[in-house]
Amino acid sequence: MEETSSRPDAPAERPDSAERPGLAERPGAAGPQGEPLISVRGVNKFFGDFQALKDIDLDIHRGEVVALIGASGSGKSTLCRCVNRLETITDGEILIDGQPLPEEGKALTALRSDVGMVFQSFNLFPHLKAIDNVTLGPRKVRGVPRAEAEAQAHELLERVGLADKANSLPAALSGGQQQRVAIARALAMKPKAMLFDEPTSALDPEVINEVLDVMTELAQAGMTMLVVTHEMGFARHVCDRVVYMDQGEIVEQGEPEAFFTAPRSDRAKAFLSKILPH
């Protein structure tokens, strides 16, 4: 379930966004002229008689960081989950790196290993230590030898600031630490893109920044990211584009500063008037 953040425009303490390279300058970024890494075309999604997504068109280019924002129930999480087929679409088409999204089987498993997912709840295996949570996917899905997978896992845990927690069980970690392990686990599959579905909504306020800082580092390193978020500071200062959804539709999208300072649609103006400080 989507939640509304109580921190509408509080950016985390992170490197100045002005220091972040432009999209075309970041590693692996093709810029808006290249073929999209993720392409959503005419997608509709029904839950029974309820239409959750209405004729969605969206492209995400390599190295681009896109924030999906909107009120609870607007369809953000549903769209995010459709991108790696955790939810099946009713009609339309989703392409990943130019290939249609597989429906099932080994092709779908391969697709999911190319598109990492970080959820609201951390979904770690409670009986496995942090390092084992991180190594499981590469070993079981990609056939990486244990020693190689563990060496990579140690590097990733260090990258997310948890080098000293490799042998800790999830129950011994804070919520922020568990979410950072979940990010390391997704990165261990060496994905082409990362999907974040409200990654901070289940966290206590004092640990939200430690997760946002890891996400900011990924953005600066050139990871392609689709982020469902109520963290408006992150959307405004870290993302390349903001996509505003309402009632299952993409109402407006554009560069963050332009969107937050001069939204074009009445619905976006009404949304921002409720969440931004006056």
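Here goes a summary of the coordinates provided. As the structure is a computational prediction, the values presented were derived from the model and not from experiment.

Reading the values: the criteria
- Residues numbered from 1 in each chain as written.
- Predicted model: local features only at pLDDT ≥ 70, side-chain atom pairs only at ≥ 80, totals over all residues.
- Heavy atoms only, no water.
- Helix = DSSP H or I, 4+ residues; strand = E, 2+ residues; numbered from the N terminus.
- Pairing = 2+ DSSP bridges.
- Contact = heavy atoms within 4.5 Å.
- Axes fitted to C-alpha atoms, helices over the stretch in contact; angles between N-to-C directions.
- Buried < 20%, exposed > 50% of the residue type's maximum accessible area, 1.4 Å probe, protein only.
- Parallel < 35°, antiparallel > 145°, perpendicular 65-115°, else oblique.
- Left-handed = near helix turned anticlockwise from the far one by under 90°.
- Nonpolar A, V, L, I, M, F, W, Y, C, P; charged D, E, K, R; others polar.

**Examining the environment of I250**
Next up, step 1: Inspection of the secondary structure puts I250 in strand β10 (residues 249–254).
Next up, step 2: Distance from I250 to L68, taken between C-alpha atoms, is 9.3 Å for residues 182 residues apart in sequence.

**Side note on the sheet that holds strand β4 (residues 91–96)**
Either a parallel or an antiparallel arrangement is found when strands of a sheet pair, and the pairing is made through backbone hydrogen bonds.
Next up, step 1: Read from one edge to the other, the open sheet built from four strands follows the order β2-β1-β4-β5, with strand pairing classed as antiparallel. The open sheet is flanked by β2 (50–60) and β5 (99–100), the only strands paired with a single partner.
Next up, step 2: Alignment of strand β1 (residues 38–47) against β2, held across seven bridges, turns out to be antiparallel. The partner of F47 across the bridge, within β2, is F50.
Next up, step 3: Where helix α1 (residues 76–83) meets the sheet, its contacts fall on β1, β2 and β4, and the angle it forms with β2 comes to roughly 60°.

**Remarks on the environment of Y244**
Next up, step 1: Looking at the element boundaries, Y244 is found in strand β9 (residues 241–246).
Next up, step 2: Looking at Y244, the relative accessible area reads 3%, which means it is buried.
Next up, step 3: For Y244, the contacting residues outside a window of four places in its chain are I69, G70, E249, I250, V251, E252, F259, R267, A268 and F271.

**Brief notes about the packing of helix α3 (residues 130–140) against helix α4 (residues 146–159)**
Next up, step 1: Two numbers describe how α3 lies on α4: the axes approach to 9 Å, and their chain directions differ by 130°. As summarised for this structure, α3 and α4 are arranged oblique, according to the angle between their axes. Crossing angle aside, the handedness with which α3 passes α4 is right-handed. Each of I131, V134, T135, P138 and R139 in α3 lies in contact with α4, whose residues at this interface are R146, A149, E150, Q152, A153, H154, L156 and L157.
Next up, step 2: For the contact of α3 with α4, a count of residues per class yields seven nonpolar, three polar and three charged.

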